[in-house]
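Here's the letter readout for the chains.
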Amino acid sequence: MFACVCVYCAFSGIGLLCLACRNMQRAEAARQALLVSHPTAQATLLHLDVGNMRSVLRAAEEFKQMCNRLDYLYLNAGIMPNPRVDHKAFYKGLFSSNVVCMFATGEGILTQEDKVTPIGLQEVFATNLFGHFLLVKELEPLLCQIDHNSLVIWRSSNNAQRSAFSLDDIQHQKGREPYSSSKYASDLLSLALNCHYNNRGLFSSVICPGLVMTNLTYGILPSFFLALILPVMWLVEGYSPYNGAEALFWLFMQKPESLDPMAKYHSLTSGLGNNYTQPHKMDIDENMSEALYVKLLELEDTVRKKLRDEDLDIKTKN
Ligand SMILES: NC(=O)C1=CN([C@@H]2O[C@H](COP(=O)(O)OP(=O)(O)OC[C@H]3O[C@@H](n4cnc5c(N)ncnc54)[C@H](OP(=O)(O)O)[C@@H]3O)[C@@H](O)[C@H]2O)C=CC1
Ligand SMILES: CC(C)CCC[C@@H](C)[C@H]1CC[C@H]2C3=C(CC[C@]12C)[C@@]1(C)CCC(=O)C[C@@H]1CC3
């Protein structure tokens, strides 16, 4: 996966693709690869560490200087730090009726070790959800325009589980499944964005790539081990980055207003190797989604105030 956040914007009739990434070397390599396959594409790079709120505000500002319109915002960045397979839960699941679901979603068998960022947010929450939320808020004037509809796409997961998420602990400070919690929160947030912004032309949708062999999954088990269980995984879902991108590609071809706000669009591969996209109803409800939205708005105020106070501190010291 080449970029953290991929933004497509069009102005003066010319399409512009903006890859926002924290590692500029990788970003440049991705840009070059893109230009090889699409020589006429206009692709620009932007530095963005989505787990660092100051970086999010700076990147959004730079983007606004570059463009006055934004059609698609693809929120891709995600981390799963120090993942562990809970072997006890795995063997228990293996002999239960939940076994297929366990292999398809990793439900209950995957734990991670989270940490706190300098600004006081849980790192997984900050990277997988809150940084993206702040970016959407910052880019709101470009996304909400009267003459066209825009689409925000969240890269969620089938590991998004209601059981891992709590409204009393939205950052998942107390649990051991911050990844699952953050992905479930992104499903809820997408619905809330639709409720609050559809009348202003902003639409939000959620995709799931299936199980894709990337740095993220190689962190869970050694690649040779994952390769050994691949035939089993293949039976339940697609497994290459190309297959995983199917739903994203499909979404870009749809009218934003025609998408179902309650659906997660899954990339799937048939037994014959054909890729297709299928909507699955998400296990979410409007009340929970609204409650999370209110909490995120409060946290946004707190974070912005903290950043302003830090700036003031620096100014008074100089
Ligand atoms: N692999 C899978 O099976 C699945 C993955 N997903 C989701 O897909 C997305 C991509 O993950 P995947 O490609 O698998 O894993 P990778 O670890 O290969 O890619 C993660 C991407 O996120 C970027 N990123 C991480 N943290 C930050 C940050 N703080 N600021 C900016 N960029 C950041 C990385 O940038 P850098 O290059 O700088 O490290 C990298 O491009 C994630 O959201 C993940 O949760 C969902 C379902 C299944
Ligand atoms: C012999 C065993 C220890 C085998 C364990 C299998 C697990 C490693 C995998 C079963 C389902 C997988 C899965 C993911 C990671 C690897 C598994 C847990 C994800 C959680 C990876 C990231 C996602 O977003 C969704 C994936 C769902 C399925």
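This report concerns the structure included in the present document. (Residues numbered from 1 in each chain as written. Chains lettered and ligands numbered in written order. Predicted model: local features only at pLDDT ≥ 70, side-chain atom pairs only at ≥ 80, totals over all residues. Heavy atoms only, no water.)

Turning to a nonpolar patch on the surface, a few remarks are in order. A grouping of F224, F225 and L228 is seen on the molecular surface, where their side chains present a nonpolar patch of about 350 Å² in accessible area. Its place among the elements puts F225 in helix 9 (residues 223-236). The exposure class assigned to F225 is partly exposed, which follows from its relative accessible area of 36%. (Patch = residues over 30% accessible without salt bridge, like charges linked within 9 Å, V, L, I, M, F, W, Y side chains within 5 Å. Areas by Shrake-Rupley, 256 points an atom, 1.4 Å probe, with all protein chains shown as cover. Salt bridge = Lys/Arg side-chain N within 4 Å of Asp/Glu carboxyl O. Helix = DSSP H or I, 4+ residues; strand = E, 2+ residues; numbered from the N terminus. Buried < 20%, exposed > 50% of the residue type's maximum accessible area, 1.4 Å probe, protein only.)

What follows covers the site of ligand 2. The full set close to ligand 2 counts 20 residues, and F103, S157, N158, Y179 and I220 are the nearest of them. Between an oxygen atom of ligand 2 and a side-chain N or O atom of S157, the distance comes to 2.6 Å. Contact distances for ligand 2 include 2.7 Å between an oxygen atom and a side-chain N or O atom of Y179. The fraction of the free accessible surface of ligand 2 (600 Å²) that becomes covered by protein chains is 94%. Every element with two or more residues in the shell around ligand 2 is listed here: helix 4 (99-105), helix 8 (215-218) and helix 9. A total of four residues in the shell around ligand 2 trace back to one element, the largest contributor, which is helix 4. (Near = heavy atom within 4 Å. Polar contact = N/O pair within 3.5 Å; in protein donor to acceptor, adjacent residues only side chain to side chain.)

Further remarks concern the pattern of salt bridges. Summed over the entire model, instances satisfying the criterion amount to 15 salt bridges. For D86, the salt bridge is made with R176, and the minimal N-O distance between the two is 3.8 Å. Of the two residues, D86 sits in the loop between strand 5 (84-85) and helix 3 (87-94) while R176 sits in the loop between strand 7 (150-155) and helix 7 (178-197), which places them 90 residues apart along the sequence. When its relative accessible area of 24% is taken as the criterion, D86 is described as partly exposed.

Not every one of the 28 residues close to ligand 1 is listed here, only the nearest: R26, N76, R155, Y179 and T214. Between ligand 1 and V50 there is a distance of 2.9 Å, counted from a nitrogen atom to a backbone nitrogen or oxygen. A distance of 2.6 Å separates an oxygen atom of ligand 1 from a polar atom in the side chain of Y179. In isolation ligand 1 offers 880 Å² of accessible surface; the protein chains occlude 92% of this area. Broken down by secondary-structure element, the contributors of at least two residues to the shell around ligand 1 are helix 7 and helix 8. At three residues, helix 8 tops the list of elements feeding residues into the shell around ligand 1. Residue composition of the shell around ligand 1, by class: twelve nonpolar, eleven polar and five charged. (Nonpolar A, V, L, I, M, F, W, Y, C, P; charged D, E, K, R; others polar.)

This paragraph deals with the packing of helix 7 against helix 12 (residues 286-317). At a closest axis distance of 8 Å, the pairing of helix 7 and helix 12 adopts a crossing angle of 90°. By the angle class used here, helix 7 and helix 12 are roughly perpendicular. Along the contact surface, helix 7 presents Y184, A185, L188, L189, L191, A192, L193, C195, H196 and Y197, while helix 12 presents E286, M288, S289, E290, L292, Y293 and L296. Among the residues making up the contact of helix 7 with helix 12, the classes are represented as 13 nonpolar, two polar and two charged. (Axes fitted to C-alpha atoms, helices over the stretch in contact; angles between N-to-C directions. Parallel < 35°, antiparallel > 145°, perpendicular 65-115°, else oblique. Contact = heavy atoms within 4.5 Å.)

Right, let's talk about the environment of D86 for a bit. Sequence separation between D86 and G108 is 22 residues; the distance between their C-alpha atoms is 8.0 Å. Residue contacts for D86: discarding those within four places in its chain leaves I109 and R176. Here K88 takes part through its backbone nitrogen, which lies 3.2 Å from a polar atom of the side chain of D86.

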